Amino acid sequence: MEIIRVKDAQAGGEKAFELIKAGMDKGIQTLGLATGSTPIPLYRQMTGSDLDFSNMTSINLDEYVGLGVEDEQSYRHFMNDNLFDQKPFKETFVPNGKAENLEAECQRYDAIIDAHPVDIQILGIGRNGHIGFNEPGADLNGTTAVVNLTESTIEANKRFFDKVEDVPTKAISMGIASIMKGKQIILMAFGEDKAEAIYGMVKGPVTNHVPASALQNHDDVIVIVDDAAAAKL
Ligand code: F6R
């Protein structure tokens, strides 16, 4: 793993943007994207740039079960709002959290991932070391699946909802094996809340107790961190 230390989240977003721009100059076609607070500075760089994404495809990591584009807290809504409405892509994929048959939706999503190999996968990391919604205990060889969110993730994500009871308890998430298919992975983490997870990911053993530690087995991972997130390294 290559570790790049930056001053703050803004500088981290700028760095990730440079890497995406360099990739696009070389002709990459597909970005794997994440939601949450972490990639917002990157998406601001993208929307504020003159880069043209209209030939690009994007594949998002996850979506809450039961939420759709009309729900402000859905990840599809987040992506449209923070990126796609301002910078149209050729195609954008987010799991359908309202699919009637969730198992079939997971299979459909894996077929999408196989048809559109991800060139650069953007990731954040949960305080408990999750990537996507692959929580501690996840199968490191898993593909897209319906997953139960842990208490700590529900607690961390309640800030986007009126009350904690409104946070969905399940999500559809790309699995660790699906994420590992990305040719290059850029994981960003900012703030002291992420220090323990970053330590486990970089220095700890590869274990499903810290799902992000699986990235040690990928040969092109760039970790962009501020000093607070890197404090335990
Ligand atoms: C989001 C996702 C999650 C987040 C993680 C960090 O699509 O898959 O793994 O990256 O929960 O969230 P933030 O960035 O809000 O701290």
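Residues numbered from 1 in each chain as written. Predicted model: local features only at pLDDT ≥ 70, side-chain atom pairs only at ≥ 80, totals over all residues.

Remarks on the overall build of the protein
Line of reasoning, step 1. From N to C terminus, the protein includes seven helices and ten strands.
Line of reasoning, step 2. Here the C-alpha atoms of the protein give a radius of gyration of 16 Å, agreeing with the 17 Å that 2.2 N^0.38 yields for 233 residues.
Line of reasoning, step 3. Along the first, second and third principal axes, the C-alpha atoms of the protein reach 45 × 40 × 35 Å.
Line of reasoning, step 4. Within the protein, buried positions represent 43% of all 233 residues.
Line of reasoning, step 5. The long-range fraction of contacts in the protein, counting pairs at least 24 apart against all pairs at least 6 apart in sequence, stands at 79%. (Helix = DSSP H or I, 4+ residues; strand = E, 2+ residues; numbered from the N terminus. Rg over C-alpha atoms; globule rule 2.2 N^0.38 Å. Buried ≥ 20, exposed ≤ 12 C-beta atoms within 10 Å, placed from the backbone. Contact = placed C-beta atoms within 7 Å.)

Things to note about the site of the ligand
Line of reasoning, step 1. Residues in contact with the ligand amount to 14 residues; listed here are only the nearest, T35, G36, S37, T38 and G124.
Line of reasoning, step 2. Tallied by class, the residues present in the shell around the ligand amount to five nonpolar, eight polar and one charged. (Near = placed C-beta within 6 Å. Nonpolar A, V, L, I, M, F, W, Y, C, P; charged D, E, K, R; others polar.)

So, the environment of A228
Line of reasoning, step 1. Position of A228 among the secondary structure elements: in the segment after strand 10 (221-226).
Line of reasoning, step 2. For A228, a count of 15 C-beta atoms within 10 Å corresponds to the partly exposed category.
Line of reasoning, step 3. Taking the C-alpha atoms as reference, A228 lies 14 Å from I3; in sequence the two are 225 residues apart.

Concerning the packing of helix 1 (residues 9-25) against helix 2 (residues 40-48)
Line of reasoning, step 1. At a minimum axis separation of 7 Å, helix 1 and helix 2 run at an interaxial angle of 55°. Relative to helix 2, helix 1 is oriented oblique. Crossing of helix 1 against helix 2: the hand is right-handed. Residues A9, Q10, G12, G13, E14, A16 and F17 of helix 1 form the contact with helix 2, whose own contacting residues are P41, L42, R44, Q45 and M46. (Axes fitted to C-alpha atoms, helices over the stretch in contact; angles between N-to-C directions. Parallel < 35°, antiparallel > 145°, perpendicular 65-115°, else oblique. Left-handed = near helix turned anticlockwise from the far one by under 90°.)

Topic: the sheet that holds strand 6 (residues 120-123)
Line of reasoning, step 1. What the seven strands build is an open sheet, ordered 1-10-9-6-2-3-5; its pairing is parallel. Each having just a single partner strand, strand 1 (2-6) and strand 5 (91-93) make up the two edges of the open sheet. Recorded for the sheet is a direction-independent mean angle of 15° between the axes of neighbouring strands.
Line of reasoning, step 2. When strand 9 (residues 184-189) meets strand 10, the two strands line up parallel, connected through five bridges. Residue pairing for strand 10: I185 is matched across the bridge by V221. (Pairing = 2+ DSSP bridges.)

A word on the UniProt feature "domain: Glucosamine/galactosamine-6-phosphate isomerase" (unreviewed entry) in the protein
Line of reasoning, step 1. Listed under "domain: Glucosamine/galactosamine-6-phosphate isomerase" (unreviewed entry) in the UniProt record, and renumbered for this structure, are residues 18-220.
Line of reasoning, step 2. Counting secondary structure, residues 18-220 comes out at 31% helix and 16% strand; the distance between its end C-alpha atoms is 16 Å. (UniProt positions renumbered as here; feature names shortened; annotations may be inferred.)

What to know about the sheet that holds strand 4 (residues 62-64)
Line of reasoning, step 1. Sheet architecture is open: three strands sit in the order 4-8-7, paired in antiparallel fashion. The sheet is open, and its two borders are formed by strand 4 and strand 7 (145-148), each paired with just one other strand. Within the sheet, the average angular offset between the axes of one strand and its neighbour, ignoring direction, is 30°.
Line of reasoning, step 2. Bridge count for strand 4 against strand 8 (residues 170-173) is three bridges, and the pairing is antiparallel. Residue E63 lies in a different strand from strand 8, and its bridge partner there is I172.

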